[in-house]
Structure formats: structure tokens, C-alpha cells
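# Structural characterization, general
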Amino acid sequence: MTDGEPSAADPAPPAAHDGPALELATLFRPIMLRLDLLVRRQNTQYELSRAQTSILHTLANHGPLRMSYLARLENVRVPTTSNSVSVIESMGYVTRIPDEADRRGVSVALTDLGRDRIKQVLMDRDRDFAEQLSRLSPEHRAVLADAVPALTSLLDAFDAD
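The structure contained in this document is the topic of the report that follows.

How each quantity is defined
- Residues numbered from 1 in each chain as written.
- Predicted model: local features only at pLDDT ≥ 70, side-chain atom pairs only at ≥ 80, totals over all residues.
- Heavy atoms only, no water.
- Helix = DSSP H or I, 4+ residues; strand = E, 2+ residues; numbered from the N terminus.
- Contact = heavy atoms within 4.5 Å.
- Areas by Shrake-Rupley, 256 points an atom, 1.4 Å probe, with all protein chains shown as cover.
- Axes fitted to C-alpha atoms, helices over the stretch in contact; angles between N-to-C directions.
- Parallel < 35°, antiparallel > 145°, perpendicular 65-115°, else oblique.
- Left-handed = near helix turned anticlockwise from the far one by under 90°.
- Nonpolar A, V, L, I, M, F, W, Y, C, P; charged D, E, K, R; others polar.
- Pairing = 2+ DSSP bridges.
- Salt bridge = Lys/Arg side-chain N within 4 Å of Asp/Glu carboxyl O.
- Buried < 20%, exposed > 50% of the residue type's maximum accessible area, 1.4 Å probe, protein only.
- Core = buried A, V, L, I, M, F, W, Y, C linked by side-chain atoms within 4.5 Å.
- Arc of directions from axis to C-beta.

Here the focus is the overall build of the protein chain. The helix and strand tally for the protein chain stands at 6 helices and 3 strands. When the helices and strands of the protein chain are placed in sequence order, the string is α-α-β-α-α-β-β-α-α. Long-range contacts, defined as pairs at least 24 residues apart, comprise 46% of the intrachain contacts of the protein chain with a sequence gap of at least 6. Roughly 11800 Å² of accessible area belongs to the protein chain as shown, and the carbon and sulfur atoms make up 59% of that amount.

With that out of the way, let us pick up the packing of helix α2 (residues 50-62) against helix α5 (residues 112-133). Relative to each other, α2 and α5 sit at 120°, their axes nearing to 10 Å. Classified by the interaxial angle, the pair formed by α2 and α5 is oblique. Regarding α2 and α5, the two cross each other, and that crossing is left-handed. Seen from α2, the contacting residues are R50, T53, L56, H57 and A60; seen from α5, they are R115, I118, V121, L122 and R125. In terms of residue class, the contact of α2 with α5 is built from 5 nonpolar, 2 polar and 3 charged.

In this section: the sheet that holds strand β2 (residues 94-98). Within a sheet, adjacent strands bond to each other through the backbone by hydrogen bonds, running parallel or antiparallel. Strand order in the open sheet made by the 3 strands is β1-β3-β2, with antiparallel pairing throughout. Each of the sheet's edge strands pairs with one partner strand only, and the pair in question is β1 (65-66) and β2. Its contacts with the sheet put α2 on β1, β2 and β3 (106-110), and the angle it makes with β3 is roughly 90°. Docked against the sheet, helix α4 (residues 78-90) engages β2 and β3, running at close to 120° with respect to β2.

Within this structure, the stated rule accounts for 5 salt bridges. Among the ionic pairs, R96 bridges to E89, the shortest N-O distance being 3.0 Å. Taking the relative accessible area as the measure of exposure, E89 reaches 30% and is therefore partly exposed. Ionic pairing is found between D124 and R127, a salt bridge with its closest N-O pair at 3.2 Å. Of this pair, D124 and R127 are both found in helix α5, 3 residues apart, which corresponds to roughly one turn of the helix.

With that settled, consider the nonpolar core. Ranked by size, the top nonpolar core spans 15 residues in total, and within it L56, L59, L70, V85, I88, V94 and V108 carry the most contacts. Contributions of two or more residues to this core are made by α2, α3 (67-74), α4, β3 and α5.

Let us now look at the environment of V87. When you line up the elements, V87 lands in helix α4. Accessibility expressed as a relative area gives 34% for V87, which makes it partly exposed. The sequence separation of V87 and L48 amounts to 39 residues, and the corresponding C-alpha distance is 9.7 Å.

As a further point, take α3. Listed in full, the buried residues belonging to α3 are M67, L70, A71 and E74. Within α3, the buried residues cover an arc of 100° as seen down the axis, which keeps them to one side. Buried residues in α3 make contact with α2, β1, α4, β2 and β3. One or two positions beyond α3, positive phi appears at N75, with a value near 60°.

Remember, this is a structural readout, not a statement about activity or role.
Quick look at the structure:
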């Protein structure tokens, strides 16, 4: 066609998910799934579940949060978050704070015990992961270290969605 419009015979423009990005996704997906499975199995040895650890970590990073905002950050529904908070509250790691402006609202905050516990859990998990990383060659560890900024940007892209 002469008016600049594509004809039925013209190929469709490549989608954003075609080409190199799709190839990389195809390579990464099984690795990420397998790593996730192995980390989940390893984490069964800890007192806190991954969800509970994530909540404590989020609160350590953000300070007290309304339950609805905490659920949004955790990418789960409010009842799911509320159930997890109830468990870690019974352990003494968090406390619920009534919202002064909205009596129906509740914020969740770390206790001193919760702050100490999340530090210890993260140190334990970092040591366990470091043990696995130590089995790699120095060259492979360097490649992984170089990939940290790109992987962090990928997480940020997911969070932006």
C-alpha cells in the first residue's frame, strides 16, 4: 500500500516479548523455578515461613504499615496478610496499632523482638546461601555479583506493574 498503512501481507511488528528478551526468559525461567523450589525446601528448617519472614522484612524496611498496604506490598490479599500477622503477633514479633484517624484501620509494627528476629533469620539465610555460592568458581561468583544491579532492576520492574 502506498499510504503507509500495513497490508495484510506485511508481517506484524515484533512484540516486546519476542526476540532476545524471550530467549533470555526461556533460559532463566527453569533456573528461577528450580532455585525457588530448592530455597523453599531449605527454608522448611526455619521457625518462620517465607511469608512471615517477608512481612517482617517489609516492616523492617518500611516501618509501621496499614494492613491493606502491607498486603499490597506482599502481593497477597488482606485476609492472607492478616492471618500471617496473627501468627507472628502471637510470637511477639509484631503489634497491631489502631489508626487514630480511622478506628476501623489497623497498622502493623515490628516489636524490638521482631526486629532482632528478622536480623537473625536474614543472617542465617544469608549464611546458608553463601555456603551454596561458595561451591561456585570465583569466576561464576563474579558473574553473579555483576548481575545484581540488573536483577534488582528486574524486581523493580515487577513492582512497578
